[in-house]
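Here is how the chains run, residue by residue.
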Amino acid sequence: MSAHMQAKLLHVIQDGRFCRLGGQECTTVDVRVLAATNVQMENALLERTFREDLYYRLNVFTIIVPPLRERCEEIPYLIGEIIRRSPARMTSGRECSFPPRLMEAARRYDWPGNTRELRNFVTRTIILKDLDGAIRELETKIVTSSGVTYQDYQCGATSHRSGMRSIVRDVTNRTEGQMIQTAAKSRGPRTD
């Protein structure tokens, strides 16, 4: 929101009234404002791209919604709800569900576009009716974004089920092993 619009919004919130462009009379309003952003507000305040007085006027009650990648356990429920809300003409009036392998791939993918990306993916999958293609799409995205080989991805699927700690432990072990090998190579053979 531009600085000019921020000032106008602050004025309306403070005074509870506004004048239409070209209007002679002011209109009184009694509103509640629900604002959402993906901007780090502390940084915006420090950089002065967001007015501090407006921020404190709006910041009465804050709800922080973590990105979808941090709430992967919700993905099956969200997919079910997106399918349920899909128009009947998209599902051809029949029951639509995703197989477990597709659900697992959906849980493993990071969803940088959050729920919008998830909704678009589910909608596209319903329309195309290509579950195998959808699985391949997600598995390819997972492999591409993580920088691991497909074989590592397949092996990692079982460690994912056992929890985040095992994934962290596995990555730590591989990293430590690589660091030890690099250090050993850079030292060269011992001469003592």
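Small disclaimer: the values here were computed from a predicted structure and weren't measured. (Residues numbered from 1 in each chain as written. Predicted model: local features only at pLDDT ≥ 70, side-chain atom pairs only at ≥ 80, totals over all residues. Heavy atoms only, no water.)

**Side note on the environment of Arg69**
Working step 1: By the secondary structure assignment, Arg69 is in the loop between helix H3 (52–58) and helix H4 (75–85).
Working step 2: We classify Arg69 as partly exposed; its relative accessible area is 46%. (Helix = DSSP H or I, 4+ residues; strand = E, 2+ residues; numbered from the N terminus. Buried < 20%, exposed > 50% of the residue type's maximum accessible area, 1.4 Å probe, protein only.)

**Concerning the confidence of the model for the protein chain**
Working step 1: Mean pLDDT over the protein chain: 83, with 78% of residues reaching 70 or higher.
Working step 2: The low-confidence segment residues 153–163 (pLDDT under 50) makes 14 contacts with residues lying over four places distant or belonging to another chain. (pLDDT = per-residue confidence, 0-100. Contact = heavy atoms within 4.5 Å.)

**So, the state of the cysteines**
Working step 1: Using the criterion set out here, one finds 1 disulfide in the structure.
Working step 2: With its sulfur 2.3 Å from that of its partner, Cys19 forms a disulfide with Cys26. (Disulfide = S-S within 2.5 Å.)

**Points about a nonpolar patch on the surface**
Working step 1: A surface patch of nonpolar side chains, about 500 Å² in accessible area, is lined by Val60, Phe61, Ile63 and Val65.
Working step 2: Tracing the backbone through its elements, the reader meets Val60 in the loop between H3 and H4. (Patch = residues over 30% accessible without salt bridge, like charges linked within 9 Å, V, L, I, M, F, W, Y side chains within 5 Å. Areas by Shrake-Rupley, 256 points an atom, 1.4 Å probe, with all protein chains shown as cover. Salt bridge = Lys/Arg side-chain N within 4 Å of Asp/Glu carboxyl O.)

**Brief notes about the packing of H4 against helix H7 (residues 114–128)**
Working step 1: It is the contact of H4 with H7, at a shortest axis distance of 10 Å, that shows an interaxial angle of 55 degrees. Considering the angle they form, H4 stands oblique to H7. The chirality of how H4 crosses H7 is right-handed. Every residue of H7 that contacts H4 at Ile75, Leu78, Ile79, Ile82 and Ile83 is listed here: Thr115, Leu118, Arg119, Val122 and Ile126. (Axes fitted to C-alpha atoms, helices over the stretch in contact; angles between N-to-C directions. Parallel < 35°, antiparallel > 145°, perpendicular 65-115°, else oblique. Left-handed = near helix turned anticlockwise from the far one by under 90°.)

**Some details on the nonpolar core**
General note: in soluble globular proteins, nonpolar side chains tend to be found buried as a group.
Working step 1: Membership of the largest hydrophobic core comes to 23 residues, with the highest contact counts inside it found for Ile79, Trp111 and Val122.
Working step 2: Within the residue set of this core, elements represented by two or more residues are H4, helix H6 (100–108), H7 and helix H8 (131–146).
Working step 3: Other than its neighbours up to four places away in sequence, Trp111 contacts Leu68, Ile75, Ala106, Glu117, Leu118, Phe121 and Leu138.
Working step 4: Core analysis: the second largest hydrophobic core is formed by 7 residues, Leu10, Ala44, Leu45 and Leu54 among them. (Core = buried A, V, L, I, M, F, W, Y, C linked by side-chain atoms within 4.5 Å.)

**Considerations on the packing of aromatic side chains**
Working step 1: Taken as a whole, this structure holds 3 aromatic pairs when the rule is applied.
Working step 2: For the pair Tyr109 and Trp111, a centre-to-centre distance of 4.7 Å together with 75 degrees between the ring planes defines the contact as edge-to-face.
Working step 3: Tyr109 gets classed as buried once you look at its relative accessible area, which sits at 9%.
Working step 4: With relative accessibility at 1%, the residue Trp111 sits in the buried group.
Working step 5: Feature note: the residues Tyr109, Trp111 and Phe121 constitute an aromatic cluster, connected by ring pairs. (Phe/Tyr/Trp six-rings, centres within 6.5 Å; stacked < 30°, edge-to-face > 60°.)

**Brief notes about the layout of surface pockets**
Working step 1: Considered as a void within the structure, the largest pocket measures approximately 1700 Å³ in volume.
Working step 2: Taken together, the elements giving at least two residues each to the lining of the largest pocket come down to helix H1 (3–15), helix H2 (41–46), H3 and H7.
Working step 3: Across the lining of the largest pocket, the residue classes break down as 25 nonpolar, 11 polar and 8 charged. (1 Å grid on protein atoms, 1.4 Å probe; cavity = no way out; pocket = protein on both sides within 12 Å on 5 of 7 lines; lining within 4 Å. Points joined across faces, edges and corners; volume = space filled by probe spheres on them. Nonpolar A, V, L, I, M, F, W, Y, C, P; charged D, E, K, R; others polar.)

**Structural notes on unusual backbone geometry**
Working step 1: Phi is positive for Arg48, close to 60 degrees, though the residue is something other than glycine.
Working step 2: Along the polypeptide, Arg48 turns up in the loop between H2 and H3.
Working step 3: For Arg48, a relative accessible area of 71% puts it in the exposed group.
Working step 4: Residues other than glycine seldom take positive phi values, yet Asn114 does so here, at roughly 55 degrees.
Working step 5: Checked against the element boundaries, Asn114 lands in helix H7.

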